[in-house]
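Understanding the architecture of this molecule
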Amino acid sequence: MAKAVLTPQAENFPAWYQDVIARTELAENGPARGTMVIRPWGYAIWELLQADMDRRIKATGAQNAAFPLFIPMSFLEKEKQHVDGFSPELAVVTHGGGEELAEPLVVRPTSETVINHYFAKWVQSHRDLPLMLNLWNNVVRWELRPRLFLRTTEFLWQEGHTAHATHAEAVEETARMLEVYRRFMEESLAISVVAGEKSPGERFAGAEHTFTCEALMRDGKALQMGTSHNLGYNFARAFDIRYLDPGGERQHAATTSWGTSARMIGGTIMVHGDDHGLRLPPAIAPHQVVVLQLDDQAEVAAAAARLAAELDATGVRAHVDARTHTSFGRRSVDWELKGVPVRVELGARELAAGRATLVRRDDRTKSTVPLDGAGRAAADLLDEIQRALLAQSRTFREEHTYPVTDFDEFSRRVGDGGLFLAAWSGAEESERALGEATGATIRCIVDADPPAPTCLLTGRPAKHAVLIGRAY
């Protein structure tokens, strides 16, 4: 069998990551620094993610909309924390049509400002609330250290924005969307995540509270997979979003925003991938089953087509690989690289024996099954593989989460990767000192008792249990 040429994970994880993206034809660098071309296999994964997430978001009552790519600079300047937080990342247009613009335009880094401008127009009465919108778009944030799917200057994402009559409703919406994200990541991406609140130093610019889903990659680094923000009244006051309550009094609305991005594809690569390439969860695999036609005999071609049609009829995304002019080894490696969950091998010998060979991508095991039950057996394997990948992700994260109470010990170990459960006083200056001393950050505040009575970083009385680690 032909072998895939991938840098081993243990030898150089970043090189392995780049190799996988290139060899599986997921994406490549665009012509402008920091941009990305997503190729058909990568975009097919995104479309499956998008459709699944879109269904879940609409089930909460949100509706899809579209807003402009260009935002007047004055919109961002209305909310000081917001513009301060995003100013280093902004791409600004100063000329158009050969003329200098009267006001610079920001290429959308996120849409809070423009959406809240229109919320102020559309919300007049308590009967207009809640107002819940979702966007599927691209955004631009000037990235100094781009990496495909993880940090690019332009990227695909989803962002939701809501306005509510009360602060309590905004709190509820923030928690609801965090749970939507958590369930999507575990049920569809098969990635075990920790949901918790961001520390003030990691909070979204302009938010009262930010909540996150954090995952642990196979190299021991954390990845922020999605966030949900309670914006409180900050944007409502800045943009004058007010409504008449049932008593005839004018009140400010409370707002939220929440978002995920194509970074989830990068997370899926790094959580599930191995030295043979991708291992795609069946829920997001463009081809869930590939039927590998081993020779060009008409009877074999007909049997392969029947098997694929049987799978398609049950809702399984099946594909027949009839490239008999290409070696069996090359084709097997191609589909293994691309992470197809199940491969069915079918040739004249199998047809004569009334058997088919099934190959699982997650553990690379082979089994033979009766040909007339091959479709059902392949479909059953998909559920098994989805569960197995989630279990492996959860086990890896749990085995690489370490309680720590001594800062010197933490400093020695943090470079080896993992998440560290520590006690924290809540002092913001200690966050900055942590990053400067170790390159690590507080990933989130978790719902647990602090592992020590005093803060790992300051020695003051502990207020929170936090997970700390180095991150992408």
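So, here is what we can say about the structure in this document. What you are looking at is a predicted structure, and each value in this text was computed from that prediction instead of being measured.

Some remarks on the overall build of the protein
- Along the backbone of the protein there are 14 helices and 23 strands.
- The C-alpha radius of gyration of the protein comes to 25 Å, within 12% of the 23 Å expected for a compact globule of 472 residues.
- Taking the principal axes of its C-alpha atoms as reference, the protein extends roughly 80 × 55 × 50 Å.
- The buried share among the 472 residues of the protein stands at 53%.

With respect to the nonpolar core
- Grouped together as the largest cluster of nonpolar side chains are 52 residues, with contacts concentrated most on L49, F149, M185, L189 and I269.
- Among the elements of the structure, α1 (13-23), α2 (40-58), α6 (167-187), β10 (209-216), β11 (222-232), α8 (263-272), β15 (289-293) and α10 (328-338) are those that each provide at least two residues to this core.
- Setting aside residues no more than four positions away along its own chain, F149 makes contact with Y17, I21, L26, A27, M36, I38, A262, R263, I265, G266 and I269.
- Within the second largest apolar cluster, 30 residues are counted, among which are I71, L76, L133 and F235.

Some thoughts on the layout of surface pockets
- In this structure, the largest pocket encloses a volume near 1,600 Å³.
- Around the largest pocket, the lining is made up of 50 residues, and of these E89, R141, R151, Q224 and R263 lie nearest the centre.
- Breaking the lining of the largest pocket down by element, the ones donating at least two residues are α4 (80-86), β8 (154-164), β11, β14 (254-261) and β22 (441-446).
- Element by element, the count of residues in the lining of the largest pocket is highest for β8, at six residues.
- Grouping the amino acids of the lining of the largest pocket by side-chain chemistry returns 18 nonpolar, 18 polar and 14 charged.

Overview of the side chain of Q386
- With respect to the helices, strands and loops of the structure, Q386 is situated in helix α12 (residues 374-399).
- Sequence-distant contacts of Q386, that is, excluding residues within four places in its chain, are made with E187, S188, L189, A190, P281, P282 and A283.

Notes on the pairing of β15
- Across the five residues of β15, five count as buried, placing the element largely inside the fold.
- With burial as the criterion, each face of β15 is covered, one bearing V289, V291 and Q293 and the other bearing V290 and L292.
- Regarding the hand of the β-α-β motif, the stretch spanning β15, helix α9 (residues 298-313) and strand β16 (residues 318-321) is right-handed.
- As defined by bridge partners, β15 adjoins strand β17 (residues 342-346) across five bridges and the pair is classed as parallel. Bridge pairing in β17 links V291 to V344.

Remarks on the packing of α2 against α6
- Running from amino to carboxyl end, α2 crosses α6 at an angle of 145 degrees, the nearest separation of the two axes being 11 Å. As α2 packs across α6, the resulting crossing turns out to be right-handed. Residues L49, D52, M53, R56 and I57 of α2 lie in contact with α6, whose contacting residues are M177, V180, Y181, R183, F184 and E187.
- Classifying every residue of the contact of α2 with α6 by side-chain character gives seven nonpolar, no polar and four charged.

Some remarks on the environment of C455
- By the secondary structure assignment, C455 is in the loop between β22 and β23 (464-469).
- Overall, C455 belongs to the buried group, its relative accessible area being 4%.
- Taking C-alpha positions, C455 is 53 Å from G96, a pair spaced 359 residues apart along the chain.
- If sequence neighbours within four positions are ignored, C455 has contacts with A423, W424, S425, R460, P461 and A462.

Some details on the sheet that holds strand β4 (residues 70-72)
- Pairing within the open sheet is antiparallel, and its three strands lie in the order β4-β6-β5. Of all the strands in the sheet, just β4 and β5 (92-96) have a single pairing partner and so form its edges. Averaged over neighbouring strand pairs, the angle between their axes works out to 50 degrees when direction is ignored.
- Of the strand pairs in this sheet, β5 and strand β6 (residues 99-107) are connected by four bridges, and their pairing is antiparallel.

Quick look at the state of the cysteines
- Enumeration over the complete set of coordinates arrives at zero disulfides.
- Free of any disulfide, C455 has its nearest neighbouring cysteine sulfur in C444, separated by 16 Å.

A few points about the side chain of R56
- For R56, the position within the fold is in helix α2.
- A relative accessible area of 15% means that R56 is categorised as buried.
- Only 2.8 Å separates the side chain of R56 from the side chain of D52, close enough to count as a polar contact.
- A polar contact of 3.0 Å, which involves the side chain of R56, links it to the side chain of E187.
- What R56 contacts, discounting residues up to four positions off in sequence, is V180, R183, F184, E187 and S188.

Conventions we followed
- Residues numbered from 1 in each chain as written.
- Predicted model: local features only at pLDDT ≥ 70, side-chain atom pairs only at ≥ 80, totals over all residues.
- Heavy atoms only, no water.
- Helix = DSSP H or I, 4+ residues; strand = E, 2+ residues; numbered from the N terminus.
- Rg over C-alpha atoms; globule rule 2.2 N^0.38 Å.
- Buried < 20%, exposed > 50% of the residue type's maximum accessible area, 1.4 Å probe, protein only.
- Core = buried A, V, L, I, M, F, W, Y, C linked by side-chain atoms within 4.5 Å.
- Contact = heavy atoms within 4.5 Å.
- 1 Å grid on protein atoms, 1.4 Å probe; cavity = no way out; pocket = protein on both sides within 12 Å on 5 of 7 lines; lining within 4 Å.
- Points joined across faces, edges and corners; volume = space filled by probe spheres on them.
- Nonpolar A, V, L, I, M, F, W, Y, C, P; charged D, E, K, R; others polar.
- Right-handed = clockwise from strand over helix to strand, strands pointing away.
- Pairing = 2+ DSSP bridges.
- Axes fitted to C-alpha atoms, helices over the stretch in contact; angles between N-to-C directions.
- Left-handed = near helix turned anticlockwise from the far one by under 90°.
- Disulfide = S-S within 2.5 Å.
- Polar contact = N/O pair within 3.5 Å; in protein donor to acceptor, adjacent residues only side chain to side chain.

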